[in-house]
Amino acid sequence: MDTVLYIEGDGIGPEVWAAARPVIDEAVSKTYTDGRKLEWLELLAGQKAFDQTGDYLPQETLDALASGTIGMKGPLQTPVGGGFRSLNVTMRQVLDLYACIRPIRYFKGIESPVKRPDLVDMIVFRENTEDVYAGIEWASNSPEAKRLIEFLRDEMKVDVDLDAGVGIKPMTSMRSKRLVRKALQHAVDNKLPSVTLSHKGNIMKCTEGAFRAWGYEVAAEEFAETVMTETEAGNGGSKPVIIKDRIADALFQNVLMYPEQYSVIATTNLNGDYISDALAAQVGGLGLAPGVNMSDQIALFEATHGTAPTIAGKDMANPGSLILSGAMMLRHIGWGEAADRIENAIETVIASKKVTVDLASQIEGATTIGCKAFGEQILANL
Ligand code: NAI
C-alpha cells in the first residue's frame, strides 16, 4: 500500500477530486490482482484549512509533506488581501520542489491549432527555484532599487538609468545541474531519444549560457555511458540518448514545425513557464495538462490549472488534468499499467465526443457533459 498525501484545493478543487479519485482507485484495482491499493491521507491547505484552523497553510501540512514521498494537490487560490504569499510558491520554496515536470501528449479527436498534433510527445523539465522568475526585484524609484543602481553605477561601472525597476537573475551550477540530471535520468530510464537544453545563452551568457554549459557537464560527468552530444552522434557514436541545445526562441519555432525532433526538454525557470503552456496549447490546452513539482524526496503531482473561480461549484470543470496527474503519479511509483489504462480510457471518452465544455468547444459535433459525468465516463471505460 502506498500513501498519497492529498490536498483538495479551492474553487473547482473539490469537484475535480470527486471525479478523479474514483478513476485512479478503480484503475489500480482493475489492473492488479495482488490487492495493491493507494491509501489517501488528506492534508489541509487553502480556504478549507483556514476555515478549520485559521491558517491557510498549517505547519502540520508542511511537516507532513516534508516527510512524505508522494502527494497530489488540487489548485490553491492565492488569498486576496495584503501580506499573503502564494501558497503554491511557499510550498515550492519550503519543500525545495526544484523540478516542475510537465508531459505533453496528444489525445485523438481534439482540434488543435497545428497540423500534426499527433507528433507532439514531449516532457518539459523546468527549473523551479531561481532565475528572474524567483521574484528578487525592486520597483522603479524605490529606495532599494536606487541603492542597487547606485552601486552598479559607482562600483561596477555599468550604466543603468536611476529610475529603472530592477530584477536579479541568479542561476547556479548546483541548481541547474540537479534539474538537468533529473531530465537526463528520465530520458535514460524511459528510453527516450533526446534531451534538449533550452536557453538564451547567446545573449545572457553568464546565466543562460552557463545553464547550457552545466547541462553538458552533467551529461559528460555522470551519463557518459548512455548520453552523447549531437556532434558525437554525427561522428558515428551510438548511445541511447542524445543531448542537444537550442536557443529558446528557435525552439519555439522548431516545436511547431518539427515536433518529432523533440522529446525531453530541460530548461530554465522563465523559459520553462512559457514553453510548457505553448506546448499544452498545441494539444488542447490546460484541461488535459498534468504536472508534478519534485524535490529529491517528494513528488507533488498537480493539475496545472488554477481554481477557475467563475465555474466553481457549477459542475463544469474538466477533471482530466487531475486524472492525468494521477496517471503520472502511478507511473512514478512503477504502476505504469494502471496509468496506461487511465490514458486509454480518456482517449476513448474523447473519441466518443461526450466531454466537458472546455473540450467540447475544440471538438466538432461534441456533446457537453458535466465534470461528474465526464469522470463517470472515464471510469466506465477503464
Ligand atoms: P485558472 O487556471 O483558474 O483559469 C484560467 C481559465 O481556464 C479560466 O477561464 C478557467 O475557467 C479555465 N479553466 C481552468 N481550469 C479548468 C478546468 N479544469 N476545466 C475547465 N476550465 C478550466 O487561472 P486563473 O484564473 O489565472 O487563476 C485563478 C486562481 O487560481 C488564482 O487565485 C490563482 O492564484 C490560482 N492558481 C493556482 C494554481 C495552482 O494551484 N497550481 C495555478 C494557477 C492559478
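Since the model is a prediction, treat every value here as computed from it, not as a measurement. (Residues numbered from 1 in each chain as written. Predicted model: local features only at pLDDT ≥ 70, side-chain atom pairs only at ≥ 80, totals over all residues. Heavy atoms only, no water.)

**What to know about the site of the ligand**
Line of reasoning, step 1. Around the ligand sit 17 residues in total, of which Leu76, Asn88, Gly306, Ala308 and Asn318 are the nearest.
Line of reasoning, step 2. Between Asn88 and the ligand, the recorded distance is 3.0 Å, taken from a side-chain N or O atom to an oxygen atom.
Line of reasoning, step 3. The backbone of Thr307 places a nitrogen or oxygen atom 3.0 Å from an oxygen atom of the ligand.
Line of reasoning, step 4. Contact with the protein chains hides 63% of the accessible area of the ligand, taken as 810 Å² for the molecule alone.
Line of reasoning, step 5. Tallied by class, residues from the shell around the ligand come to seven nonpolar, seven polar and three charged. (Near = heavy atom within 4 Å. Polar contact = N/O pair within 3.5 Å; in protein donor to acceptor, adjacent residues only side chain to side chain. Areas by Shrake-Rupley, 256 points an atom, 1.4 Å probe, with all protein chains shown as cover. Nonpolar A, V, L, I, M, F, W, Y, C, P; charged D, E, K, R; others polar.)

**Description of the sheet that holds strand E8 (residues 194-199)**
In a beta sheet, neighbouring strands are held together by backbone hydrogen bonds and run either parallel or antiparallel to one another.
Line of reasoning, step 1. Taking strand neighbours across the sheet as the criterion, the 11 strands line up as E2-E1-E3-E13-E12-E4-E5-E11-E8-E10-E9 in an open arrangement whose pairing is mixed. Sheet topology places strand E2 (38-42) and strand E9 (227-229) at the edges, where each strand pairs with a single neighbour. Strand-to-strand twist of the sheet, defined as the mean angle between neighbouring strand axes without regard to direction, takes the value 25°.
Line of reasoning, step 2. On the sheet, helix H9 (residues 248-257) packs against strand E5 (121-127), E8, strand E10 (241-247) and strand E11 (264-267) and is oriented at approximately 115° with respect to E10.
Line of reasoning, step 3. Each of strand E4 (99-105), E5, E8 and E11 touches helix H10 (residues 269-282); the most contacted strand, E5, lies at about 155° to it. (Pairing = 2+ DSSP bridges. Helix = DSSP H or I, 4+ residues; strand = E, 2+ residues; numbered from the N terminus. Axes fitted to C-alpha atoms, helices over the stretch in contact; angles between N-to-C directions. Contact = heavy atoms within 4.5 Å.)

**So, the nonpolar core**
Line of reasoning, step 1. Formed by 85 residues in total, the largest nonpolar core has its most connected members in Leu38, Met329, Leu330 and Ile342.
Line of reasoning, step 2. Per element, the largest residue contribution to this core is eight residues, and it comes from helix H1 (residues 13-31).
Line of reasoning, step 3. Apart from the residues lying within four places of it in its own chain, the contact partners of Met329 are Val4, Ile24, Leu38, Trp40, Ile70, Met72 and Phe301.
Line of reasoning, step 4. Within the second largest apolar cluster, 15 residues are counted, among which are Ile7, Ala45, Leu87 and Leu97. (Core = buried A, V, L, I, M, F, W, Y, C linked by side-chain atoms within 4.5 Å. Buried < 20%, exposed > 50% of the residue type's maximum accessible area, 1.4 Å probe, protein only.)

**Some thoughts on the packing of aromatic side chains**
Line of reasoning, step 1. Applying the stated criterion to the full structure yields five aromatic pairs.
Line of reasoning, step 2. Ring centres of Tyr6 and Trp40 lie 5.9 Å apart, and the angle between their planes is 85°; this geometry places the pair in the edge-to-face category. With Tyr6 in strand E1 (residues 2-7) and Trp40 in strand E2, this residue pair connects regions lying 34 residues apart in the sequence. Trp40 matches Tyr6 in its accessibility class, with the two residues each being buried.
Line of reasoning, step 3. Ring pairs connect the aromatic residues Tyr6, Trp17 and Trp40, which therefore count as one cluster.
Line of reasoning, step 4. Directly above the aromatic system of Tyr133 lies the positively charged group of Arg126, at a separation of 4.8 Å from the ring centroid.
Line of reasoning, step 5. For the cation-ring pair, Lys244 lies above Tyr262, with the distance from its terminal atom to the ring centre recorded as 4.7 Å. (Phe/Tyr/Trp six-rings, centres within 6.5 Å; stacked < 30°, edge-to-face > 60°. Lys NZ or Arg CZ within 6 Å of the ring centre and 35° of its normal.)

**Describing helix H7 (residues 205-222)**
Line of reasoning, step 1. With 18 residues, H7 should reach 26 Å at 1.5 Å per residue; the first-to-last C-alpha distance of 24 Å fits that figure.
Line of reasoning, step 2. Three or more residues of H7 are buried, namely Thr207, Glu208, Gly209, Ala210, Phe211, Trp214, Gly215, Tyr216, Val218 and Ala219.
Line of reasoning, step 3. Of the surrounding secondary structure, the elements contacted by the buried residues of H7 are helix H6 (173-189), E8, E9, E10, E11 and H10. (Expected span 1.5 Å × (residues − 1).)

**Let's talk about the environment of Leu330**
Line of reasoning, step 1. Checked against the element boundaries, Leu330 lands in helix H11 (residues 320-332).
Line of reasoning, step 2. Residue classification places Leu330 among the buried residues on the basis of a relative accessible area of 0%.
Line of reasoning, step 3. Distance from Leu330 to Asn271, taken between C-alpha atoms, is 28 Å for residues 59 residues apart in sequence.

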